[in-house]
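Architecture and fold: a report
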Amino acid sequence: MANVSEKKVLIVDDTKLGRLSVKKVLNKLGVNETLECDNGAEVSSILDKEEISLILMDILMPGKNGVETLEELKEKGSTVPVVMITADIQDSTQKICKKLGAAGFVFKPVKEETLKSALEEIGFI
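Predicted model, so just to flag it, every value in this text is computed and none were measured.

**Concerning the packing of aromatic side chains**
With the rule as written, the count across this model stands at zero aromatic pairs. Sitting over the ring of Phe124, Lys7 keeps its end group 4.4 Å from the ring centre.

Below is the structure:
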């Protein structure tokens, strides 16, 4: 398994501040390479061009939201683990995300210990 510093993480969030806060936590955990996009519509094209080890994705975004993007990834047979990041998630939404293959959930604001725990749980770190 590759060293965490060699892994590339895609951060999908419609707010620049949201992406920046996740990136800062990832850097503290030793992840040096991140890519960012601000909506779910860009995810597939990035996955076609880049070797991504993990996707950290917001659920509520304009355009294609996190649930729709997760559904698309499942349909395409993507094996990249996806951890959903959100400020407010209902049990029903969480169940749908799990059914679509979400590897885990992290609640906003993203804290280092919470993200680290979620990444350890899925075997990323």
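Still to come is the rest of the account.
**Brief notes about helix H1 (residues 16–28)**
For H1, spanning 13 residues, the distance from its first C-alpha to its last is 19 Å, which sits close to the expected 18 Å at 1.5 Å a residue. Taken residue by residue, H1 has Gly18, Arg19, Val22, Val25 and Leu26 as its buried positions. Projected onto a plane normal to the axis of H1, the buried residues spread over an arc of 130 degrees and lie on a single side. With respect to the buried face of H1, the exposed residues turned more than 90 degrees away are Lys16, Leu17, Lys24 and Lys28.

**Describing unusual backbone geometry**
Note the cis peptide between Lys108 and Pro109, where omega equals -5 degrees. Within the element layout of this structure, Pro109 appears in the loop between strand E5 (104–107) and helix H5 (112–121).

**Structural notes on the pattern of salt bridges**
Taken as a whole, this structure holds eight salt bridges when the rule is applied. Linked through salt bridges whose partners overlap, the residues forming this network are Lys8, Glu33 and Glu50.

**Structural notes on the pairing of strand E1 (residues 8–12)**
A regular strand carries its side chains on alternate faces of the sheet. With five of its five residues buried, E1 lies for the most part within the structure. Residues Lys8, Leu10 and Val12 point to one face of E1 and Val9 and Ile11 to the other, with burial holding for every one of them. In this structure, E1 lies alongside strand E2 (residues 33–37), joined through five bridges in parallel fashion. By the bridge assignment for E2, Ile11 is matched with Glu36. Tracing the backbone out of E1, into H1 and back to the parallel element E2 gives a crossover that is right-handed. As paired strands, E1 and strand E3 (residues 54–58) are joined by four bridges and run parallel to one another. Bridging across to E3, Val12 finds its partner in Met57.

Scoring rules and cut-offs
Residues numbered from 1 in each chain as written. Predicted model: local features only at pLDDT ≥ 70, side-chain atom pairs only at ≥ 80, totals over all residues. Heavy atoms only, no water. Phe/Tyr/Trp six-rings, centres within 6.5 Å; stacked < 30°, edge-to-face > 60°. Lys NZ or Arg CZ within 6 Å of the ring centre and 35° of its normal. Helix = DSSP H or I, 4+ residues; strand = E, 2+ residues; numbered from the N terminus. Expected span 1.5 Å × (residues − 1). Buried < 20%, exposed > 50% of the residue type's maximum accessible area, 1.4 Å probe, protein only. Arc of directions from axis to C-beta. Salt bridge = Lys/Arg side-chain N within 4 Å of Asp/Glu carboxyl O. Pairing = 2+ DSSP bridges. Right-handed = clockwise from strand over helix to strand, strands pointing away.

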